Amino acid sequence: MVDNRYATALVIGSVLSLMATVYLSVAVGTQHWYQYSCPSGKREGSNATELRNEFINGEFDEKTYSETLFRLNGTLGLWWRCILVPGRSYWFKEPDPKMERQCVSFTLPQQFSPKYKHLGNPNSEEDLLRTYLWRCQFLLPLVSLALVFLGGLVGVCACLCRSFTPTLGVGVLHLLAGLCTLGTVCCFLAGVDLLQQYSPPPEGVVGSLGWSLYLALISFPLQMMAAALFLWAARSHRKNYSRMTAYRVA
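An unreviewed UniProt entry lists the chain under the name Claudin domain-containing protein 1b, with Gymnodraco acuticeps as the source organism. Within the UniProt record for the chain, the comment given under Subcellular location (unreviewed entry) is "Membrane".

Colleague: What is the right way to read unusual backbone geometry from this model?
Modeller: The phi torsion of most residues other than glycine is negative, and most of the peptide bonds are trans. Phi at N73 takes a positive value of approximately 50 degrees, unusual for a residue other than glycine. Its place among the elements puts N73 in the loop between α4 (62–71) and β2 (75–76).

Colleague: How do you make sense of the packing of helix α6 (residues 128–161) against helix α7 (residues 167–198) when you look at a structure like this?
Modeller: Any two packed helices are characterised by the angle at which their axes cross and by the distance between the axes. The contact between α6 and α7 brings their axes to 8 Å, and the two run at 160 degrees. Taken together, α6 and α7 sit at an angle that is classed as roughly antiparallel. Here α6 and α7 pass one another in a crossing that is left-handed. When grouped by side-chain class, the residues that make up the contact of α6 with α7 number 21 nonpolar, 9 polar and 1 charged.

Colleague: Which parts of the structure should I look at to understand the UniProt feature "transmembrane region" (unreviewed entry) in the chain?
Modeller: Under the UniProt annotation, the feature "transmembrane region" (unreviewed entry) is placed at residues 7–26, 138–161, 168–191 and 211–234. Taken end to end, residues 138–161 comprises 100% helix and 0% strand; its first and last C-alpha atoms sit 36 Å apart. In this annotation, residues 211–234 is assigned 100% helix and 0% strand; the end-to-end C-alpha distance for the span is 35 Å.

Colleague: Please explain the pattern of salt bridges as it appears in this structure.
Modeller: For side chains bearing opposite charge, pairing can occur when the charged atoms are close. Scanning all chains against the criterion turns up 3 salt bridges. Where K63 meets E67, a salt bridge forms, and the shortest distance between an N and an O atom there is 3.1 Å. Residue K63 and its partner E67 are located together in helix α4, separated by 4 residues, close to a single helical turn. Assessed through its relative accessible area of 35%, E67 is described here as partly exposed. One salt bridge connects R130 with D127, and the closest N-O pair in it is separated by 3.5 Å. As far as burial versus exposure is concerned, R130 and D127 are alike and both buried. Connected through salt bridges with shared partners, the residues E62, D127 and R130 form a single ionic network.

Cut-off values and rules
Residues numbered from 1 in each chain as written. Predicted model: local features only at pLDDT ≥ 70, side-chain atom pairs only at ≥ 80, totals over all residues. Heavy atoms only, no water. UniProt positions renumbered as here; feature names shortened; annotations may be inferred. Helix = DSSP H or I, 4+ residues; strand = E, 2+ residues; numbered from the N terminus. Axes fitted to C-alpha atoms, helices over the stretch in contact; angles between N-to-C directions. Parallel < 35°, antiparallel > 145°, perpendicular 65-115°, else oblique. Left-handed = near helix turned anticlockwise from the far one by under 90°. Nonpolar A, V, L, I, M, F, W, Y, C, P; charged D, E, K, R; others polar. Salt bridge = Lys/Arg side-chain N within 4 Å of Asp/Glu carboxyl O. Buried < 20%, exposed > 50% of the residue type's maximum accessible area, 1.4 Å probe, protein only.

Next comes the structure, spelled out in structure tokens:
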């Protein structure tokens, strides 16, 4: 028989875990982790069509796509990089064209490609810090989601077996998942800061955090609160069970 307090803690923890999973999944799949805002004068003076074609169809080059993000109001995510360009007009040049966002995904080899201290120069020295920060920001959210999924499976098995003991493992898995989520955000912010040190944005271009990163930040405390509830319920139930057993023996 499970005390109502423990059952309530499990329900609230499950809801928090579900919310955190949804938020983190949306954050990972969207491109608004970091965004650049370029003044209209600088944007109109650049050859947007040429930059767009090179950005979408050109070879993967960190320096090239970074400069394009600066000049075309780009956004950067864990798996995507996007630019804001005028829509295609086949008949005439519109004075105020409708802007559309075009995105290119990072392929798996690109996610694990080395970073260099001199951007765009593969003959220069490899920047190990940026290389591993980039790889961690790609792997850690996947590990976090996998840990939460594994915790859910353990919880379902615990319910089917009518056992409260695995709840402790569920709490530990959520605790590790929360740390992975926090690590993802830290690695991304550190990587962007180092990138801007090697390739600073032009004057007038402003960078800011996007809503996708805030979703990941929100999912971190939700996972930690869920972990705390699971751990509290498991520990308290174990103590209560031990006292009841000792009382019956006495």
